[in-house]
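# Secondary and tertiary structure notes
Here is how the chains run, residue by residue.
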Amino acid sequence: MPETRITRRERRAIAAEWRQVPFRTRLEVARLAKQGERHPDDGVDAVAVRVSRMALEEPSSSFFHTTAFGVLLTLTLLAIAVLWDDTFPRWCAGLGGSACFVLLVFNWDLKRDARRILAVPRHRS
């Protein structure tokens, strides 16, 4: 069965909903998911599930949106920063490689939290 992809308009709406949830509540959702529990507020939990599904969906089939590309880009920029002779290209490549690394770590953490949120049982007993 083909899976329907989230459209750009739906992504914006889900992100706007998630931004309306207070930051402390978002942190609480992640903390509770780490403990294997869902958030007691059904509305917040539903938004967290939608955001998690959106975060785990691959945005496109392009190689540029894969983790492998991000790792290759980071390693290439850091290698240029180490091996280049001139100061300015080294500085730019080092800054770019560092930024790519931070984004990779952020994306990894986001997806880990999304998997935890989706792994929590949703049935009420």
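What counts as what
Residues numbered from 1 in each chain as written. Predicted model: local features only at pLDDT ≥ 70, side-chain atom pairs only at ≥ 80, totals over all residues. Heavy atoms only, no water. pLDDT = per-residue confidence, 0-100. Helix = DSSP H or I, 4+ residues; strand = E, 2+ residues; numbered from the N terminus. Salt bridge = Lys/Arg side-chain N within 4 Å of Asp/Glu carboxyl O. Buried < 20%, exposed > 50% of the residue type's maximum accessible area, 1.4 Å probe, protein only. Phe/Tyr/Trp six-rings, centres within 6.5 Å; stacked < 30°, edge-to-face > 60°. Contact = heavy atoms within 4.5 Å. Core = buried A, V, L, I, M, F, W, Y, C linked by side-chain atoms within 4.5 Å. Axes fitted to C-alpha atoms, helices over the stretch in contact; angles between N-to-C directions. Parallel < 35°, antiparallel > 145°, perpendicular 65-115°, else oblique. Left-handed = near helix turned anticlockwise from the far one by under 90°. Nonpolar A, V, L, I, M, F, W, Y, C, P; charged D, E, K, R; others polar.

A residue-level look at the chain finds 94% of positions with pLDDT of 70 or above and a mean pLDDT of 88. Looking over the chain, one finds the lowest element-wise mean pLDDT in helix α4 (residues 67-83), namely 89, and the highest in helix α2 (residues 23-34), namely 95.

When the charged atoms of two side chains with opposite charge come close together, those side chains can pair. Under the criterion given, the structure shown has seven salt bridges. In this structure, R11 and E57 form a salt bridge, with 2.9 Å as the shortest nitrogen-oxygen distance. Linking R11 in helix α1 (residues 8-20) with E57 in the loop between α3 (42-56) and α4, this pair joins segments that are 46 residues apart in sequence. Overall, the relative accessible area of 23% leaves R11 in the partly exposed class. Taking relative accessible area as the criterion, E57 reaches 10% and is therefore assigned buried. Notably, a salt bridge pairs R112 with D109, separated by 2.3 Å at the nearest N-O pair. Of this pair, R112 and D109 both sit in helix α5 (residues 87-119), three residues apart, which is roughly one turn of that helix. In this structure D109 comes out as partly exposed when scored by relative accessible area, which is 27%. Beyond isolated ion pairs, a larger network of salt bridges with shared partners links R38, D42, D45 and R122.

One pass over the structure, following the stated rule, counts one aromatic pair. Taken together, a centroid distance of 6.2 Å and an interplanar angle of 25° make the contact between F88 and W91 stacked. Separated by three residues within a single helix, F88 and W91 lie in helix α5, roughly one turn from each other. Across the pair, exposure class does not vary: F88 and W91 are exposed alike.

Take the environment of A81 next. For A81, the location among the structural elements is in helix α4. Along the primary structure A81 and C92 are separated by 11 residues, whereas in three dimensions their C-alpha atoms are 7.7 Å apart. Those residues in contact with A81 that lie beyond four places of it in its chain are R90, A93 and G94.

So, on to the nonpolar core. Within soluble globular proteins, side chains that are nonpolar generally end up buried alongside one another. Residues I14, W18, V21, V29, A33, V44, V47, A48, V51, M54, I117 and V120 constitute the largest nonpolar core, which totals 12 residues. Those elements giving two or more residues to this core turn out to be α1, α2 and α3. When residues of this core are assigned to their parent elements, the largest contribution, five residues, is made by α3. Discounting residues that sit within four places of it in the chain, W18 has contacts with R26, V29, V44, V47, A48 and V51.

This part covers the packing of α4 against α5. Packing of α4 against α5 brings their axes to within 7 Å, and their N-to-C directions diverge by 150°. What the angle tells us is that α4 and α5 run roughly antiparallel. As for the relative orientation of α4 and α5, their crossing is left-handed in sense. Residues T67, G70, V71, L73, T74, L77, L78, I80, A81 and V82 of α4 form the contact with α5, whose participating residues are R90, A93, G94, G96, G97, S98, C100, F101 and L104. Among the residues making up the contact of α4 with α5, the classes are represented as 11 nonpolar, seven polar and one charged.

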